[in-house]
Amino acid sequence: MLNLKAEPRSSSASPHSMASPANTAFSFISKGWREVRDSAQLDLKLMKNRADSFKNLATSFDREIENFINSASTFAVPTIKYSSASPPAEIEFVKKLRPKLSNIKRAYSSPDFSKNVLEKWSPKATIRIDLSSIRNAIVAEAEGDGYGSWRGRTKLNFNEFLGEWKREGEDNGNKDWEPIRALKLRLRELERKTLAPSSPGEVFEVIKNSEFMEKMKASLKAFYKEPKESKDVLPLDVPELLAYWVRQSEPFLDHLGVRKDVCEKIVESLCSKRKNQLLLNSLSSGDDIDELDLRIANVLQSTGHCYEGDLWTDPDKPKQSDGKRHVAIVTTASLPWLTGTAVNPLFRAAYLANSAKQNVTLLVPWLCKSDQELVYPNSITFGSPEEQETYIRNWLEERVGFKADFRISFYPGKFSRERRSIIPAGDTTQFISSKDADIAILEEPEHLNWYHHGKRWTDKFNHVVGVVHTNYLEYIKREKNGAVQAFLVKHINNWVTRAYCDKVLRLSAATQDLPKSVICNVHGVNPKFLKIGEKVAAERELGQQTFSKGAYFLGKMVWAKGYRELIDLLAKHKKELDGFNLDVYGNGEDANEVKNAAKKFDLNLNFMKGRDHADDSLHSYKVFINPSVSDVLCTATAEALAMGKFVICADHPSNEFFSAFPNCLTYKTSEDFVAKVKEALSRDPQPLTPEQMYNLSWEAATQRFLEYSELEKVLNNQEGGGNRKGMRKSASTPCMSNLVDGGLALAHYCLTGSEVLRLCTGAIPRTRDYDKQHSKDLNLLPPQVENPIYGW
């Protein structure tokens, strides 16, 4: 049984400190100990009345006692001795005892409750509550000095306080009722454990070995899970950490002039000592993933670490729930401007949508009427985006032969006369709704993001692919102070493509080496040109004359499109090419200068207005000459090959894809150019094989695009790269490169927000946001509402 021991306290102790234990222990019996001292008999009567309520032990007795035992069994109370030198502290156990007894008191308030309930139990039980101990304590309190001296009492146990449960006929030696006997055993065990220790060390030993502590240990073990293979994976050493830092910093070091091959040599030297010892033990023999990356990932996984995301990124990217992926193609030009960035993205959208595996949106720039008059040929203008969309769809369906099911949207743009290109106005990402922001294809990503001030593409979209169309460095070098400008533009292009793209496709090696890039021709040829080639081949089989004209050149009449190279070649070898005539088709800003230069050298060049390459008047030409070295991948060259013509072009990275075709004649020197021209004029071109025609088609280009951009894996919900034991490397390993990319995106956003910096770098004034005319044409909110500026 639980006993509370106490020793008499000296009268020198303060009344307040002496009253504390008594007041705590018997607060449930009386409203105040002053009443007990004034009238002991009245208090005794009050206690008897309250004790009578304990006879109502009924439905909740077993539950209340069981709760009391459970709460009491989780801790041990040491022997409490009251000394005159130090008054005792408040007993924690009594604090827990008080609410339990209060609940019992309320439960047993009905006088007839005990009788009615106990009659239902067999064997019958009676209760006897011995109040003598309580009475003696109260009387001693009333007779004692101060507020709670206990005279002659050293222990108060549960037998004296509650009495004992007894069966009827207990005097004859019958056993206790089973629940009461179990209760007695548990109370005695509790009393023995809590009162037996005589020192604090023994008390803590009892607590340590108690059932409560064992349960707590088991609960803690359930929370802790030992990482798998933690004993098998050795920790990283310093050379491995340095090697991984160099590997992740390769793009950043490239900005500083450290080449990639130098970084790889550093990594190889740092890992050479551990490679045979650790990497081969930790990796399976079939893995083709980089060993250093998996080594880092294995160590992180063995510690239980999981890297959830990157700094400066949005963790809540949209997830598609309709079962169909969404592809948004964003480009920098639109029909009727017949430029590569207007035509090729249009075909890409049509053929991606034709597979019916994904929804496609083509986002093209909308120009106000004043800009349309400067850009679009033949004075074509549109009063609304709907009119231009109708024109685009009609032009496309006439060439592909099927109705492409994709959406066309417009974003605000302005034409820059100095750059001869369209610059986006405002945040282009806002014109793709969040529910469709899944995959983005940025045609000319550097161009789209030079002055981009808005949401980061890789934050809004799940996968962003950039397609590089233009060799801007080659164009800039031709301008005044071109070398300095090219140096700056090169690093800006690296900056924005790295910050805003997950993958970059370069059409040829003629472009600068950009981060995250691969080289692949992902452009095809208009099906109409392939049909022309088939018609020419059929006529040749019938013995008909297919080519009645000689050579021609077609392209926008600006110096950068190859006109400078063409005039230099013809002027240098005017005698060797005596009698050679060349028809030139094109319009452009440099038309007068080009004509004057040809006239100055008295060249046999016939200048004609620009026209569509599929025009009937061009079918009878046999040789297409394109000396340009500024193109990335000349669309006109591919179209000429598809029509079965000879193509004479420079031995240049931009023509590498075409050099595999037998009708493509490349030259390295000006003398070689003359020889190729004479060879092409002296014989007929070879008909294209079915394989060659397929390689030129948009079906093949679309398949190459899906493969090299890793879009095929994304569309099929496959993760890029390999994995080992179901572990995603990107989810386990924090990537320093991603952290740097996020920092670059944040810095770019801050810099492009300054109108002064934008103007200093050549931006069109007031293009950070769209203007009122754009909001009117595209039914947008007014610019001051969309982007308010407070306090200005």
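Analysis parameters
- Residues numbered from 1 in each chain as written.
- Predicted model: local features only at pLDDT ≥ 70, side-chain atom pairs only at ≥ 80, totals over all residues.
- Heavy atoms only, no water.
- UniProt positions renumbered as here; feature names shortened; annotations may be inferred.
- Pairing = 2+ DSSP bridges.
- Helix = DSSP H or I, 4+ residues; strand = E, 2+ residues; numbered from the N terminus.
- Axes fitted to C-alpha atoms, helices over the stretch in contact; angles between N-to-C directions.
- Contact = heavy atoms within 4.5 Å.
- Core = buried A, V, L, I, M, F, W, Y, C linked by side-chain atoms within 4.5 Å.
- Buried < 20%, exposed > 50% of the residue type's maximum accessible area, 1.4 Å probe, protein only.
- Domains from an automatic or database assignment.
- Phe/Tyr/Trp six-rings, centres within 6.5 Å; stacked < 30°, edge-to-face > 60°.
- Patch = residues over 30% accessible without salt bridge, like charges linked within 9 Å, V, L, I, M, F, W, Y side chains within 5 Å.
- Areas by Shrake-Rupley, 256 points an atom, 1.4 Å probe, with all protein chains shown as cover.
- Salt bridge = Lys/Arg side-chain N within 4 Å of Asp/Glu carboxyl O.

- The protein chain goes by Digalactosyldiacylglycerol synthase 1, chloroplastic in an unreviewed UniProt entry, where it is assigned to Kalanchoe fedtschenkoi.
- UniProt lists a comment for the protein chain under the heading Catalytic activity (unreviewed entry), and it reads "a 1,2-diacyl-3-O-(beta-D-galactosyl)-sn-glycerol + UDP-alpha-D-galactose = a 1,2-diacyl-3-O-[alpha-D-galactosyl-(1->6)-beta-D-galactosyl]-sn-glycerol + UDP + H(+)".
- Taken verbatim from the UniProt record of the protein chain, the Subcellular location (unreviewed entry) comment is "Plastid, Chloroplast outer membrane".

**Some remarks on the sheet that holds strand β7 (residues 439-443)**
Okay, so step 1: Read across the open sheet, the eight strands follow the order β6-β5-β4-β3-β7-β8-β9-β10; overall the sheet is mixed. Of all strands in the sheet, those with a lone pairing partner are β6 (421-424) and β10 (517-519), marking the two edges. Across the sheet, the mean angle separating the axes of adjacent strands is 30° when strand polarity is ignored.
Okay, so step 2: With six bridges joining them, strand β3 (residues 325-330) and strand β4 (residues 358-366) adopt parallel strand pairing. Across the sheet, the residue bridging to Ile329 is Leu362, located in β4.
Okay, so step 3: Here helix α16 (residues 340-354) sits on the sheet and contacts β3, β4, β7 and β8 (463-468); the angle it forms with β4, its principal contact strand, is near 160°.
Okay, so step 4: Sitting on the sheet, helix α29 (residues 698-708) touches β7, β8, β9 (503-506) and β10, and the angle it makes with β9 is about 140°.

**Examining the sheet that holds strand β13 (residues 605-608)**
Okay, so step 1: Strand order in the open sheet made by the six strands is β13-β12-β11-β14-β15-β16, with parallel pairing throughout. On the outer flanks of this sheet lie β13 and β16 (664-667), each paired with one strand and no other. With strand direction ignored, the average angle separating the axes of adjacent strands in the sheet is 25°.
Okay, so step 2: Running over the sheet, helix α26 (residues 635-642) touches β11 (549-554), β14 (621-626), β15 (646-650) and β16 and is turned about 160° from β14.
Okay, so step 3: The sheet contacts of helix α27 (residues 670-682) involve β11, β14, β15 and β16, and relative to β16 the element is tilted by about 160°.

**Some remarks on the nonpolar core**
Okay, so step 1: Judged by nonpolar contacts, the single largest core of 108 residues is most densely connected at Phe406, Leu570, Leu582, Ile625, Ile648, Phe673 and Phe705.
Okay, so step 2: At nine residues, the largest contribution of residues to this core is made by α16.
Okay, so step 3: If you count residues domain by domain, this core takes at least three from each of domain 2 (325-523 + 737-778) and domain 3 (527-696).
Okay, so step 4: Excluding residues that lie within four positions of it along the chain, Phe406 makes contacts with Leu346, Ala349, Ala350, Ala353, Val360, Leu362, Arg393 and Leu396.
Okay, so step 5: Within the second largest apolar cluster, 22 residues are counted, among which are Phe431, Ala437, Leu448 and Cys501.

**Looking at α29**
Okay, so step 1: For α29, every residue scored as buried is listed here: Trp698, Ala700, Ala701, Thr702, Arg704, Phe705 and Leu706.
Okay, so step 2: Against α16, β7, β8, β9, α28 (690-696) and α30 (711-715) lie the buried residues of α29.
Okay, so step 3: Note on α29: the residue one or two positions beyond its end, Glu710, has a positive phi of about 65°.

**Things to note about the packing of aromatic side chains**
Okay, so step 1: This structure, assessed with the given rule, holds 18 aromatic pairs.
Okay, so step 2: Here the aromatic cluster, defined as three or more aromatic residues joined through ring pairs, consists of Tyr552, Phe553, Tyr563, Tyr585, Tyr621 and Phe624.

**A look at a nonpolar patch on the surface**
Okay, so step 1: A grouping of Val484, Phe487, Leu488 and Ile492 is seen on the molecular surface, where their side chains present a nonpolar patch of about 380 Å² in accessible area.
Okay, so step 2: Relative to the helices and strands, Phe487 resides in helix α22 (residues 482-500).

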